[in-house]
Amino acid sequence: MLIRTYKQEDEQQIIALWQQCNLTTAWNNPKRDIERKILDSPELFFVGEIDHKIVASCMAGYDGHRGWIYYLAVKPDHQKQGVASKIMSHAEDVLKDIGCPKIDLMVRKTNQSVIAFYHKIGYNDDPVVVLSKRLATDELYKMRCVKMDIEQAKEILGDKFSFSAVDTQKVVQKLNIPKDAKILDVGTGLGSMAIVLALHGYTITTGEPGDDESIYARQNWQENAEKVGVDGQISFEAFNANSLPFEDGSFDAIFSLGSFHHIEASDRIKVLKEFIRTTVPTGIICFFEPNHHTVERIKETDDNHPEPADPTAYISGLNLTSRQIGGSNFDAFIFQKTS
Ligand SMILES: CC(C)(COP(=O)(O)OP(=O)(O)OC[C@H]1O[C@@H](n2cnc3c(N)ncnc32)[C@H](O)[C@@H]1OP(=O)(O)O)[C@@H](O)C(=O)NCCC(=O)NCCS
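Criteria and cut-off values
- Residues numbered from 1 in each chain as written.
- Predicted model: local features only at pLDDT ≥ 70, side-chain atom pairs only at ≥ 80, totals over all residues.
- Pairing = 2+ DSSP bridges.
- Helix = DSSP H or I, 4+ residues; strand = E, 2+ residues; numbered from the N terminus.
- Axes fitted to C-alpha atoms, helices over the stretch in contact; angles between N-to-C directions.
- Buried ≥ 20, exposed ≤ 12 C-beta atoms within 10 Å, placed from the backbone.
- Right-handed = clockwise from strand over helix to strand, strands pointing away.
- Near = placed C-beta within 6 Å.
- Nonpolar A, V, L, I, M, F, W, Y, C, P; charged D, E, K, R; others polar.

What follows is about the sheet that holds strand S2 (residues 45-50). Strand order in the open sheet made by the 5 strands is S1-S2-S3-S4-S5, with mixed pairing throughout. Sheet topology places strand S1 (2-5) and strand S5 (103-105) at the edges, where each strand pairs with a single neighbour. With direction set aside, neighbouring strand axes in the sheet form an average angle of 30°. In the sheet, S1 pairs with S2 via 4 bridges, with the strands oriented antiparallel.

Below, the structure is given as structure tokens:
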């Protein structure tokens with residue numbers, strides 16, 4: 001048997017092995033457990049391979065005081081042939097080499113039969129009670145992954161995306177809109193708003209006028225979305241913000257990044273009314289508008305760029321609650337319908 005460290009392509013075989021050995025539980029998602037281990041100490045996650053097929057696994061750990069063993073498993077048709085003894089012996093050697101003085105391990109009360117195996121390979125009962133406290137659910141772990149995905153997207157898509165994502169990601173996270181919400185993004189441009197939403201797990205309809213000839217429209221949103229793997233969550237439809245081709249109450253939330261100040265002042269109330277019409281009774285409308293220093297920066301390359309606009313100046317009598325979240329480059333103006 002070849003004993004080596006885990007590789008990405010082993011994932012399916014490992015999960016199947018754990019399932020066969022009844023080691024997966026409702027509260028431990030095996031995929032996430034593997035991802036966490038790979039982020040932390042991949043050098044202590046061992047697999048045993050015979051004829052290029054995985055037959056055993058052993059996840060070791062060392063916290064600077066004790067070594068730990070998890071997910072020891074041997075394929076049922078390879079059990080009782082010394083496989084577990086070998087992979088455990090390998091894990092013990094590696095832990096010893098990194099200075100670990102003692103291994104502790106936990107066996108579920110429902111898995112008493114395995115205790116005889118551990119006795120055979122030299123483990124003794126310890127007079128301890130194991131207590132535990134859960135610090136993270138997989139939901140929280142997913143949030144950490146979203147942050148990692150956004151950081152990666154910033155690297156892949158560069159400054160133009162990062163410039164707005166630094167602010168939009170915080171607000172999208174704070175709003176914590178349910179993942180199955182229907183979301184509209186008005187003013188597609190580079191796709192930056194839709195991409196941040198998609199990276200948070202949402203499905204989005206995005207659009208801008210089909211006849212918009214400005215430098216801000218038709219900017220390869222699809223190519224950008226493909227580069228970060230979220231194109232499947234975004235669909236495009238050409239429309240004008242002042243007459244949206246959607247039925248009343250179609251969306252739970254509407255987002256718009258850097259578009260409001262491009263709308264003619266005389267048209268802004270009409271646009272707001274369209275957003276109100278097409279959102280559900282407690283719908284959220286969120287505008288990100290560039291702050292003054294951002295507009296000054298944009299003006300360096302676009303003399304004719306319009307001045308920043310404050311959407312709150314247009315909401316009187318519209319039954320909306322309003323709050324603002326300041327950002328580094330874009331401020332968020334968040335309205336909610338009070339019906
Ligand atoms: C427990 C497990 C890893 C043992 O794997 P294995 O490859 O069969 O173990 P080995 O062949 O190296 O066994 C070493 C010795 O322990 C004995 N042994 C193995 N499983 C045993 C069991 N369930 N009860 C009693 N003795 C056992 C073997 O007979 C062997 O004894 P020997 O040296 O006298 O021949 C395997 O049964 C398994 O994957 N179980 C399901 C997953 C699991 O419960 N993992 C532990 C989580 S804490």
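It is worth spelling out the pairing of strand S10 (residues 279-290) at this point. Along any regular strand the residues' side chains alternate between the sheet's two faces. Judged by how many residues are buried, S10 sits mostly within the fold: 9 of 12 residues are covered. As judged from the 6 bridges shared by strand S9 (residues 251-257) and S10, these two strands associate in the parallel manner. The residue bridging Leu257 from the neighbouring strand is Phe288, located in S10. Following the backbone out of S9, through helix H9 (residues 268-278) and into the adjacent parallel S10, one traces a crossover that is right-handed.

Next up on the list: the site of the ligand. As a structural note, the neighbourhood of the ligand is formed by 20 residues, with Cys21, Gln79, Ala84, Ser85 and Ala116 the closest of them. Elements with a minimum of two residues in the shell around the ligand: strand S4 (67-74), helix H3 (83-97) and helix H4 (114-120). Here the shell around the ligand gets 4 residues from one element, more than from any other, and that element is H4. The residue inventory of the shell around the ligand, partitioned by class, reads 12 nonpolar, 6 polar and 2 charged.

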